[in-house]
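# Tertiary structure, described
Here is how the chains run, residue by residue.
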Amino acid sequence: MSAVQWLEPRSLAEAGEVRAQRGAEATVLAGGSFLGILMNQGFLSPTCLLSLRAVGELRGITVRDGELCLGAMVTHRQVERDETVRRDWPALARAFGIVASPRVRNQATVGGVLADADYASDPPAMLGALGARAVLRGPTGEREVAIDELILGFYQTCIADDELLTEVRVPPAEPGAVYRKFRSRSSEDRPCVAVAAARSGGALRVVVGACAEMPQHYPDICALAAEGPLDGAMAREIARRYAERLQPLTDARGSAGYRRRIVAVEVRRALEELGGVGGETLVRGRQGGTLVRGRRGGTLVRGRRRAGP
Amino acid sequence: MSASGLDARVTGQLRYAVDAERPGMLHAAFVRSPHAHARVVSIDATAVGADCVALTGEDVADLRRYGCQVRDEHVLAAVARHVGDVVAAVAAPTPRAAREAADRVEVRYEELPAVYDPVEAVEPGAPLLHPDGAHSAGEAVSIGVRPLAGTNACHRFRLVHGDVAAGFGDAEVVVQRAYRTPSAAHAPMEPHAAVAEWEDERLTIWTGTQTPFNLRADLAVAFGLDEERIRIVGGTMGGSFGAKTFVRQEAVLAALARKAGRPVKVVLDRAEEFVTLNRHPSVIRVRLGARRDGSLVAKELDCWVDTGAYADCGPGVATKLGYAGVGPYRIPHVRVDALAIYTNLPPNGAYRGYGAMQSIWASERTMDVLAAEVDLSPLELRRRNLLRDGDRFATGEVMHDVQFERCLQAAADAVDYERDPRGKGLCVLLKGMQTPSRAAISVQRAPVGYVIHTAATEMGQGMRRSLQLLGAELLGCEPGQIEIAAPDTDTSPYDTRTTSSRTTHMMGRALEEAVRDLRTNSNERGYGEIRNEGGLDPDSGQGIASTHWHQGAAAARVTVDEETGKLTVDHLHGVAYAGRIVNPEGAALQNEGALLMGLGTTLFEAIEFADGQVANANLSDYNLPATGDLPTRFTHEIIEREGADVHGLGETVLPPVPAAIGNALFSLGLDVAELPISAERVLAAVDARRERS
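Since the structure is predicted, the reported quantities are computational estimates derived from the model, not experimental observations. (Residues numbered from 1 in each chain as written. Chains lettered and ligands numbered in written order. Predicted model: local features only at pLDDT ≥ 70, side-chain atom pairs only at ≥ 80, totals over all residues. Heavy atoms only, no water.)

Residues and elements named next belong to chain A. Taken in spatial order, the 4 strands make up an open sheet running E11-E12-E13-E14, and their pairing is antiparallel. One side of each edge strand has no neighbouring strand; the edge strands of this open sheet are strand E11 (178-182) and strand E14 (216-217). The sheet contact formed by E11 and strand E12 (residues 193-200) spans 5 bridges and is antiparallel. When the bridges of E12 are listed, Val178 appears paired with Ala197. (Pairing = 2+ DSSP bridges. Helix = DSSP H or I, 4+ residues; strand = E, 2+ residues; numbered from the N terminus.)

Okay, here's the thing in structure tokens:
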């Protein structure tokens, strides 16, 4: 019987060295909410674990040059509750805050959820829609990759055996980004269909998660939005094309045929929400320290309710 | 306050079977079949290691077949009949070493044809799971078991009341429908766990079980021992819901401890829980005939009840499911035919409600279909046909203390059904209690109060608190002065088992006897015993199904996102008739728990199988209801009646939840006939409605 070898570097430099030396032989452990399930079920039996929990440099939430920088070991719960994130990247706070339950969110990390590349996770689609980049650090330095370059397939990423995912950088967000999580079962379940929609630099990005091996983003369809106002007809058309293009998978949360229909509905709804932003009903501002946001035709008000704009 | 069984859970003082330890004990891991049906050709356990003990077929050659209702189980399977069937076991110094050693046991199999559906399993030519037949067993059986020779049906329960053919001849309206229920997991927080130890040819097992005396009797059969040579010590269970009944992990563990010559402990992991005992999947066909004015004249129920690889209590479940499906109605002509059927799925057994939910879901959905046909409100259709005091039920029993109408009306009022029934659904139910059965209890004076010895078991349902409250009232002391000793077959008086919502009802009355006896024994010790006699004839369904009836109802109000099929339960209300409440707080918790479990069953709980293999054997892929799944309004009530007996209520409001929600959808023209009522099924019902119109 062999015990699992436990490596716990105390700094990023040390972690990088260990990673470079041990490579794939040492399984990188972040929060453990995903790896723990795989190990418990016997799908994975690592002989050596490289834990990042003692690496303090990976725990920061900062803003640099207007970009949000999330350390790989920042937990979902921290993203969800951080004042800066809630104020300036509210849809991101929502996407992290809607994962599973607080017990899981206190454990699961920003780096972990990307490196796992689990098709049914919430954050990757939202990060993709916001144009986020993952920082991969190897022996020869750092490189930045977009989310759709990072995730290659089911549980597959472009992270090399000597690299660590150290940080996620999110560009400044234009107001009104949307994350819609459609659950077909329990409130704590993973999404059946997830839709993230955001605008940056005038361009629309719609990313559909949980329906295929990786988040699905179709720039040519999104480009339609440049041809006219994002009204009901435009929302329907983009949604229809997404549903047509996507090759959904079947799992316990829904069949491929069902998912295709839900994609058409949820992409449209996401764009209707996004289109509502900038309209007369937008309420955005701080009130007593609490963000208040209203949506046209909707009932969702995040933060404290108040009588009116 | 550890005696209350409540605070000790918070302080961590309470010890569960997973905490049990014996000096020098080893830890067990089971070797399980990866095939749904396969003959074991050979087992090579030579690689397990010198400090491990392996148990294989030849070690159990002297042991006999056992089973609580049918003797069809072997301590180790020479023919694996489901994925996860135990074919060998290993004991080692640590749980991890045991798991690794078990993985080194090489088993060669010869695969056999398998069947996974109860309807297919009774068709001609289906592979037979137990070709040498089923043999009735044990005192746990309250009915004669009626296997159909040469088939996979290990039991057939029939109920015949009146002349059903003539009844349908009189019917002006007839509806016929079929409904499906999948398998479900009990999912208690604490998994199955036990320690077994042999000393002087005497076996002691510390385990979490609802059935200490049945377990002792079954192990006595398997090991060929007098029952007195076996001692079962039960502790508080971290939940059970029917999962910890009869022999589960204990027989293999006892055989392993016998070979090791040392105590051995096992704790199953979550994936193993999904192949240990589940709920019976079922297909139920209902045919219901009525006059134009809505009076019921005839009902037929055909039930295919999937008991999995071994009968366990499947015959009992098929029986209870069969008569509960008749419903609390006056119907002059009834025929029920319920089969408990072997398939190559893991064994199915007792699950909170014991089959009642499956047939109530089918029958009460059919009532609303009939209501639409005869153009009556579903509430009014039920009212016109409900059993009342003095009426005769289909089993021939004369009904007493009948409260169905009160329960139904209370449920209807909770959702303001009569003002506007759209988006709302109702269900009213009858279910029975284990009959015949016996409950005994003793009371002994102690320095600070009294000690009660009982084999009733605590699984979080509040048995201890209820007996303390009853005892305090009878003995004139404070509840905290009464200690409830842990169930121990060496020292506890006999009890049939802690199931079927019977403990407060049966033990409460036994305790009254015991206290009376104590008064005549200079207040030192007293003994009380209650028997309920009866049982149903399996061929006619006549006799005594239950000496007291569980009566209840539920109402639901729903809204549907018709673009996605996503169902929102805006209000769920459960009503249970309690007779007299003993422990108000505990009763409320039981009602809430049963409703919530019913909600999970209705909306998303289902074990998924792929070629007999559980595809979602973890609590991420198998969804249980979470706090966020609670309906916007989640309410219940417990009805009492002055001077009434104590009625059981641990299960009552679970069975009506699926039909109440299904009927709420039906009121919107959305017809779903299979559980769970998933968003995808609702969307298909939206499509079907559009096609109809």
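Let's shift gears to the interface of chain A and chain B. A common way to express how large an interface is: the accessible area buried when the components associate. Between chain A and chain B, the residue contacts involve 23 residues of the former and 22 residues of the latter. Together chain A and chain B conceal approximately 1900 Å² of surface at their shared face, both sides included; 43% is due to carbon and sulfur atoms. Across the contact surface, chain A and chain B share 5 salt bridges. Salt-bridge contacts for Arg268 of chain A lead to Glu563 of chain B; the nearest nitrogen and oxygen are separated by 2.6 Å. At the junction of chain A with chain B, the criterion picks out 13 residue pairs in polar contact (both at pLDDT 80 or more). (Contact = heavy atoms within 4.5 Å. Buried area = accessible area lost by both parts, 1.4 Å probe. Salt bridge = Lys/Arg side-chain N within 4 Å of Asp/Glu carboxyl O. Polar contact = N/O pair within 3.5 Å; in protein donor to acceptor, adjacent residues only side chain to side chain.)

Next up on the list: the confidence of the model for chain A. On average, residues of chain A score 89 in pLDDT, and 89% of them reach the 70 mark or higher. When the criterion is pLDDT under 50, residues 277-309 of chain A qualifies, and its contacts beyond four places in sequence or with other chains add up to 49 contacts. (pLDDT = per-residue confidence, 0-100.)

Here the focus is the pairing of strand E17 (residues 437-446) of chain B. All names here are of chain B. Among the 10 residues in E17, 7 count as buried, and that is most of the element. The pairing of E17 with strand E20 (residues 525-532) spans 8 bridges and is classified as antiparallel. Residue Ala440 lies in a different strand from E20, and its bridge partner there is Glu529. Bridge analysis of E17 against strand E18 (residues 449-453) gives 5 bridges, and the strand direction is antiparallel. Paired with Val443 across the two strands is Ile452, which belongs to E18. (Buried < 20%, exposed > 50% of the residue type's maximum accessible area, 1.4 Å probe, protein only.)

Quick look at the sheet that holds strand E23 (residues 550-561) of chain B now. All names here are of chain B. The 4 strands lie next to each other as E16-E23-E24-E27, forming an open sheet whose pairing is mixed. Here the strands that pair on one side only, and so sit at the sheet edges, are strand E16 (424-431) and strand E27 (633-640). On average, each strand axis in the sheet is inclined to that of its neighbour by 15 degrees, with strand direction left out of account. Bridging between E16 and E23 involves 8 bridges; their strand directions are antiparallel. Paired with Lys431 across the strands is His550, a residue of E23. (Axes fitted to C-alpha atoms, helices over the stretch in contact; angles between N-to-C directions.)

This paragraph deals with the state of the cysteines. Residues and elements named next belong to chain B. On inspection of all chains with the given rule, the structure shows 0 disulfides over all chains. Unpaired in this structure, Cys427 has its nearest cysteine sulfur neighbour in Cys407, at a distance of 11 Å. The class for Cys427 is buried, based on a relative accessible area of 0%. (Disulfide = S-S within 2.5 Å.)

This paragraph deals with the pattern of salt bridges. On inspection of all chains with the given rule, the structure shows 76 salt bridges over all chains. Arg143 of chain A serves as the salt-bridge partner of Glu163 of chain A, at 2.7 Å between the closest nitrogen and oxygen. One end of the pair, Glu163 of chain A, is in the loop between strand E9 (156-157) and strand E10 (164-170); the other, Arg143 of chain A, is in strand E7 (residues 141-146), and 20 residues separate them in sequence. Overall, Glu163 of chain A belongs to the buried group, its relative accessible area being 9%. The shortest N-O distance in the salt bridge between Asp312 of chain B and Arg248 of chain B comes to 3.0 Å. Here Asp312 of chain B, found in the loop between strand E14 (296-308) and helix H8 (314-324), pairs with Arg248 of chain B, found in the loop between strand E11 (230-234) and helix H6 (250-260); they are 64 residues apart in sequence, far enough to count as distant.

Another point: helix H5 (residues 212-223) of chain B. Residue and element names in this part refer to chain B. For H5, which comprises 12 residues, the first-to-last C-alpha distance of 16 Å matches the rise-based estimate of 16 Å (1.5 Å per residue) to within 8%. Counting buried positions along H5 yields 12 of 12 residues, so the element is predominantly enclosed. Listed as buried for H5 are Pro212, Phe213, Asn214, Leu215, Arg216, Ala217, Asp218, Leu219, Ala220, Val221, Ala222 and Phe223. Elements in contact with the buried residues of H5: strand E9 (193-199), strand E10 (202-207), E11 and H6. Looking one or two residues beyond H5, the residue adopting positive phi is Gly224, at roughly 60 degrees. (Expected span 1.5 Å × (residues − 1).)

All names here are of chain A. Split into domains, chain A comes out as domain 1 (5-170) and domain 2 (178-276). Using only C-alpha atoms to locate each centre, domain 1 and domain 2 end up separated by 24 Å. Listed by partner, the interface residues are 25 residues for domain 1 and 22 residues for domain 2. Between domain 1 and domain 2 the total buried area reaches about 2000 Å² when both faces are included, carbon and sulfur atoms providing 56% of it. (Domains from an automatic or database assignment.)

What follows is about the domain arrangement of chain B. All names here are of chain B. Entries for chain B in the domain assignment read domain 1 (2-112 + 186-273), domain 2 (282-386 + 398-434 + 541-692) and domain 3 (437-532). Inter-centroid distance (C-alpha atoms) of domain 2 to domain 3 is 33 Å. The interface of domain 2 with domain 3 comprises 17 residues on the first partner and 16 residues on the second. Here domain 2 packs against domain 3, burying approximately 1400 Å² in sum over the two surfaces, 54% of which is carbon and sulfur. The largest contributions to the domain 2 side of the interface with domain 3 come from Met433, Gln434 and Val582, which together make up 38% of the buried area. At the junction of domain 2 with domain 3, the criterion picks out 1 salt bridge. With a shortest N-O distance of 3.9 Å, Glu473 and Arg580 are connected by a salt bridge. When grouped by side-chain class, the residues that make up the side of domain 2 that touches domain 3 number 4 nonpolar, 8 polar and 5 charged. (Nonpolar A, V, L, I, M, F, W, Y, C, P; charged D, E, K, R; others polar.)

The next point concerns unusual backbone geometry. Omega for the peptide link from Thr435 of chain B to Pro436 of chain B comes to 0 degrees, which places this bond in the cis form. In this model, Leu675 of chain B is joined to Pro676 of chain B through a cis peptide bond whose omega is -10 degrees. Mapped onto the fold, Pro676 of chain B is located in the loop between helix H15 (656-666) and helix H16 (679-692). Phi is positive for Asp65 of chain A, close to 50 degrees, though the residue is something other than glycine. Examined against the element boundaries, Asp65 of chain A turns out to sit in the loop between strand E4 (61-64) and strand E5 (67-71). Positioned with a positive phi, Asp611 of chain B is a non-glycine residue whose angle comes to about 50 degrees. As for its position among the elements, Asp611 of chain B is in the loop between strand E25 (609-610) and strand E26 (613-614).

This part covers the pairing of strand E6 (residues 133-138) of chain A. Residues and elements named next belong to chain A. Of all 6 residues that make up E6, 5 are buried, and the element is covered over most of its length. The sheet contact formed by E6 and E7 spans 6 bridges and is antiparallel. Considered in E7, the bridge of Gly138 is made with Gly141. Between E6 and E7, which pair antiparallel and follow one another directly, the connecting turn spans 2 residues. Bridging between E6 and E10 involves 5 bridges; their strand directions are antiparallel. Within E10, the position partnered with Leu136 by the bridge is Leu165.

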